[in-house]
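Observations on the three-dimensional arrangement
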Amino acid sequence: MRHSLVLLAASASVFPLEALAQTGVIVLDPVVVAGDQTGEGAGDDGAAAAAGQGGAIAGTGDTGAPGSFAITPEEIARTNPSDLQELFIDEPSVTVGSSIPASQKIYVQGVEETNLAITIDGTRQNNKVFHHSGTTYIDTDLLKAVRVDPGVAPADAGPGALGGAIAFETKDVGDILEPGKMFGGQVTGEYQTNGDIWSTSGTLAGRYQGFEALLFGKFADGGLREDGNGNEIIGSGTHLLSGLGKVAYQAPTGDRIEAAFEIVNDDEDRPYRANIGQVIGGRPFPLTRPYDITRQNYTVTYTDETPLPYWDPKVQIGFSKTNLDIEEPDQESYGRTQSLNGRAQNTFSGEYGSLVFGTDFYVDEAELDYRYLPDRTVDESGTERAQNIGFYSQARLDLTERVRASGGARVDVQHFEGIDGEGEWNAGPSLNLSGEVDLTSFLTAYAGVSHVWGGIPLAENFIINPTWVYDGDLKPTTSDNVVAGLKGEYNGFSAGAKVFQTRIYNARTPSYNEGPVVQRDVRTRGYELSAGYANNGFSGRVAYAYVDAEIDGRPADTDVGQYLTTPVGHIVTGSASYLYAPWGVRVGANIEVAFEYDDTYDADIAGAGEPLPGYEVVNAFAEWTPVQFPNLTLRGEVNNVFDEAYVARGTYGTEYGSVVPLYEPGRSFLLKATARF
């Protein structure tokens, strides 16, 4: 496990800051950033080691930053997540609000995901489509692994890593076929009692003389679910289609090229505002309306699987797109965000570590097509665009047997174009620096800092106003991050402690009425403690996190904080599982405890909001892979065992007296069968 960096000014030499200044481009003063990785996210047998090897996850370089963690294939198999909430169930510093997958958003250490560098198979995501809908809507059945760099992220994580980075990696042929097997696949059927939800998926995979191919498809359908009080959750029906395809060829020389696509479509009636149950005393809108959301991801990647110390290239081109179509009796609105992006880099390796040099780009668009029916004479459509090119370098070095260091730099040049057709150029540096020291044979201390230049973010599609006037007043968004902690491992025991802070400056929050130039300052900070044990088929982990979030110096709220942050407070998570190999039986459970939190704000009254209620949720499972039939796996789950009536932390409107938030589903039994061939 090698993870370290040395700060480089190499990017600045590739793209001199002085030259930028002479062209009239705005150049910010340099600051320093950091990066180094821990394996604290592990929760299953062997997962601790895998979490420390996050470099295998596309789009994030060889290793991560201080305090980063991976959700490994073993952990995904153990938790069997059906949505993003369940995917991050063991991570108390990662918050996912809303009980409806189509309106879920991720907050890492309190920072909303559009302020992170999000990639799927290395392809940049630009998903800020509608503040009432989800952002990175992904079918968790497609996922192989996830790596999260909270706060401090390496330079090769990509542009815009203001609060860190998340890299999603989908399944490959090697995850379906055992070594030496040429063809196979699997079929899965699943049923959940709460909502009467049926799900069916199938996978085919093959390889022959260097060629590989994979095809996955899934369909899920179900009715309204009930919360712990026995009430139907508005707009909680299920109608999901998803797919994944990959084709690759690897030559005897090691040259490998892979093309992949991934798609998810959710077409169902949702709450009128998809992340809110109801607004008390608001305008008389219908309870629901149809939301048709489709997110697509396409990637072509070239690598050399037999690299030399001086030649380990990666070239990638990607395209991602999210469409949201909402049609009502008197109007139709259609939002589209998309990103054409790519990178080219080479990694130099040596006795003391590795050094990456590369360049990346993106061409992003946010478009709204909004017309009144039936004559379509009123047109409130508009488009914002941004193009960016970045130059980066990242070093990861083992300085001694006990000391590792990590550092990197990137320079980004962006052209932003408003809906009025007027554009402006901006540029700035991002830097990171971190290190870790083995204090003893089992205890390591680490720390990291970063400064990130994020350019001017695009507006959300559904608040675009064709009458906006920009006047060149938009300032690029920047951030400063810091993290420090301890981690230890001894004879199967593990423990960790860290403190963190992220400050984001000039975060853009445009408004239909207030205009395109609304910017705020955000600060999140807190700490996390964790302990675990894994040995002899047993694995367990308990973790506690406290996250405090502010907007412009006052407590965060879920309305003004949309696309920025959310109130979180105190969260405890715990999980345990045991595998009895002679019988092929695994049993386990997890728990989430959120404590009441009263440091909230209600923007409607410009004062203290309602306290966020506390809750305790327990889930349990049993899984059997018969020794006599190793290609068959049967699984049963009881989710929300005690039928708790609660609103998940991070859900919109919990602190607003005028909002009925979306409650989580009550007790549900799940049965799942997977057959491999």
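Our subject is the structure that appears above.
Below you will find a few notes about this structure. (Residues numbered from 1 in each chain as written. Predicted model: local features only at pLDDT ≥ 70, side-chain atom pairs only at ≥ 80, totals over all residues. Heavy atoms only, no water.)

A look at the pattern of salt bridges
The condition that has to hold: Think of a salt bridge as a Lys or Arg side-chain nitrogen and an Asp or Glu carboxyl oxygen that are within 4 Å of each other. Strands here mean DSSP runs of E at least two residues long; helices mean DSSP runs of H or I at least four residues long; both are numbered from the N terminus.
Counted according to the given criterion, the structure contains 36 salt bridges. For the salt bridge of Asp266 with Arg270, the shortest nitrogen-to-oxygen distance reads 2.8 Å. Two residues, Arg523 and Asp548, come together in a salt bridge whose shortest N-O distance is 2.4 Å. On the criterion of sequence distance, the pair formed by Arg523 in strand S25 (residues 519-535) and Asp548 in strand S26 (residues 538-551) is long-range, its members being 25 residues apart. Via salt bridges that share partners, Asp121, Lys144, Glu169, Asp172, Asp175 and Lys246 belong to a single interconnected network.

Observations concerning the sheet that holds strand S8 (residues 164-170)
Strands in a sheet are paired, the pairing made by backbone hydrogen bonds, and the direction either parallel or antiparallel. To keep it simple, the criterion reads: Note: two strands are recorded as paired if DSSP finds a minimum of 2 bridges between them.
As summarised here, the arrangement of the 5 strands in space is S1-S7-S8-S5-S6, forming an open sheet in which the pairing is mixed. Each having just a single partner strand, strand S1 (69-71) and strand S6 (123-124) make up the two edges of the open sheet.

Comments concerning the sheet that holds strand S4 (residues 111-112)
The 3 strands lie next to each other as S2-S3-S4, forming an open sheet whose pairing is antiparallel. One side of each edge strand has no neighbouring strand; the edge strands of this open sheet are strand S2 (94-97) and S4. Pairing of strand S3 (residues 105-108) with S4, which is carried by 2 bridges, proceeds in the antiparallel orientation. Its bridge partner lying in S4, Tyr107 is registered against Glu112.

Some words on the nonpolar core
Across soluble globular proteins, you tend to see nonpolar side chains buried next to one another. Threshold: Nonpolar cores were defined as sets of buried Ala, Val, Leu, Ile, Met, Phe, Trp, Tyr and Cys residues, with membership established by side-chain atoms within 4.5 Å. Residue burial is assigned from relative accessible area. The probe radius is 1.4 Å, only protein chains are included, and a residue is buried under 20% of its type maximum, exposed over 50%, and partly exposed in between. Only heavy atoms enter the contact rule, under which two residues are in contact if any of them lie within 4.5 Å.
By size, the foremost hydrophobic cluster in this structure holds 31 residues, and its most contacted members are Phe130, Leu324, Phe462 and Trp468. Within the residue set of this core, elements represented by two or more residues are strand S15 (288-304), strand S16 (313-328) and strand S18 (353-372). For this core, the leading source of residues is S18, giving 4 residues. Beyond its immediate sequence surroundings of up to four residues, Phe130 is in contact with Lys105, Arg289, Tyr291, Leu324, Ile326, Glu460, Phe462 and Tyr563. Judged by nonpolar contacts, the second largest core, of 24 residues, contains Phe69, Ile71, Ile76 and Val111.

Overview of a negative patch on the surface
Our working rule: Each patch is built from residues that are more than 30% exposed by relative accessible area and take part in no salt bridge. Like charges join if they lie within 9 Å; nonpolar side chains (Val, Leu, Ile, Met, Phe, Trp, Tyr) join within 5 Å. Surface exposure here means Shrake-Rupley accessible area, sampled with a 1.4 Å probe, where a residue is shielded only by the protein chains that are shown. Charge assignment in this entry is limited to Lys and Arg as positive and Asp and Glu as negative, and neither His nor the chain termini are counted. Charged groups are reduced to one reference atom each: NZ for lysine, CZ for arginine, CG for aspartic acid, CD for glutamic acid.
On the surface, a cluster of negative charge is contributed by Asp420, Glu422, Asp471 and Asp473. In this structure, Asp471 sits in the loop between strand S22 (443-453) and strand S23 (478-490). What makes Asp471 exposed here is its relative accessible area of 60%.

Some details on the packing of aromatic side chains
To be explicit about the condition: The rule is short: rings of Phe, Tyr and Trp, with Trp giving its six-membered ring, pair when the centres are within 6.5 Å, and they are stacked under 30 degrees, edge-to-face over 60, tilted in between. By definition, being over a ring means that NZ of Lys or CZ of Arg is both within 6 Å of the ring centre and within 35 degrees of the ring normal.
Inspection of the entire model under this criterion finds 17 aromatic pairs. Look at Phe130 and Tyr291: their rings are 6.4 Å apart centre to centre, the planes differ by 20°, and that puts the pair in the stacked class. Of the two residues, Phe130 is situated in the loop between S6 and strand S7 (143-150) and Tyr291 in strand S15; the sequence distance between them amounts to 161 residues. The buried category is assigned to Phe130, whose relative accessible area is 6%. Over the aromatic face of Tyr362 sits the side chain of Arg124, whose NZ or CZ is 3.8 Å from the ring centroid. Across the ring face of Tyr563, the terminal group of Lys128 is positioned such that the distance to the ring centre comes to 5.3 Å.

Considerations on the environment of Ser82
Within the secondary structure layout, Ser82 lies in the loop between helix H4 (73-79) and helix H5 (84-87). Taking the relative accessible area as the measure of exposure, Ser82 reaches 36% and is therefore partly exposed. Each C-alpha atom, one on Ser82 and one on Asp139, is 7.7 Å from the other, the two residues being 57 residues apart in sequence.

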